[in-house]
Amino acid sequence: IDEYNMRMERTGLMSSIRSTMKAEKLDQTRPFHEVFEEQFMRFCPDLEDKFPTDFALIGKMIRAFVTQAIHADEKKIKVLSKKFAKTHLRHKLTQSHFEGFEEALICTLKNRLGRFGTLDLVKIWRECVRRLVSQMHKQYKKIRKQLHHLKTLAKNTRRRSVVKKKKGSDDDSDDDDDDDDD
């Protein structure tokens, strides 16, 4: 055994194994939200400046979201997705952001599962996360479309109001012209 360990040390394999084990252990001791944020920024670096800097807030939001999603049925997932969509509209998210969120969440879960993350278990988690993110994206697009429709209606209403006012002031000026002729 000593000869085996010495050969492993000489080839550098043992130190590589140790550093991998340290990194894996370190990641599993880090808070979930830190690992998730790191993964998410890897997939969506353009959102880094939009991500909250308050780690306590991030941790609370992600824990609450994941916990609710895990315990939710389809109806509650829809409600959770609508809430997400409303609070994230200002970020102008794209399909790639949702894909990045999905991959980051899967990577973080795989990290947490560690050695217990069998292919079948990861496959189950991937399917659950895929369905969740699909619903989130669907609700996001739906609410964004509704908001766009409301903005268009408001813009058209303002235009009509301006046209009416302008037309009304033109009519008033015509009346003034008639009074001058008398």
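The structure under discussion appears in the preceding block.
Anyway, here's the lowdown on the structure attached to this text. (Residues numbered from 1 in each chain as written. Predicted model: local features only at pLDDT ≥ 70, side-chain atom pairs only at ≥ 80, totals over all residues. Heavy atoms only, no water.)

## Some thoughts on the side chain of Glu 37
Checked against the element boundaries, Glu 37 lands in helix H3 (residues 32-43). Buried and unpaired, Glu 37 has no salt bridge, with Arg 30 as the nearest side chain of opposite charge at 7.6 Å. Ignoring sequence-local partners within four residues, the contact set of Glu 37 consists of Phe 51, Phe 55 and Ile 58. (Helix = DSSP H or I, 4+ residues; strand = E, 2+ residues; numbered from the N terminus. Buried < 20%, exposed > 50% of the residue type's maximum accessible area, 1.4 Å probe, protein only. Lys, Arg positive; Asp, Glu negative; His and termini not counted. Salt bridge = Lys/Arg side-chain N within 4 Å of Asp/Glu carboxyl O. Contact = heavy atoms within 4.5 Å.)

## Some remarks on the nonpolar core
Of all hydrophobic cores here, the largest spans 30 residues; its most connected members are Phe 36, Phe 40, Phe 101, Leu 105 and Met 136. Elements with a minimum of two residues in this core: H3, helix H4 (55-71), helix H5 (74-88), helix H6 (95-113) and helix H7 (119-181). With sequence-adjacent residues up to four places away left out, Phe 40 is seen in contact with Leu 47, Phe 51, His 97, Gly 100, Phe 101 and Ala 104. (Core = buried A, V, L, I, M, F, W, Y, C linked by side-chain atoms within 4.5 Å.)

## What to know about the environment of Asn 111
With respect to the helices and strands, the residue Asn 111 is situated in helix H6. Among the residues examined, Asn 111 registers a relative accessible area of 16% and is labelled buried. Along the chain, Asn 111 and Phe 32 lie 79 residues apart, while their C-alpha atoms are 9.4 Å from each other.

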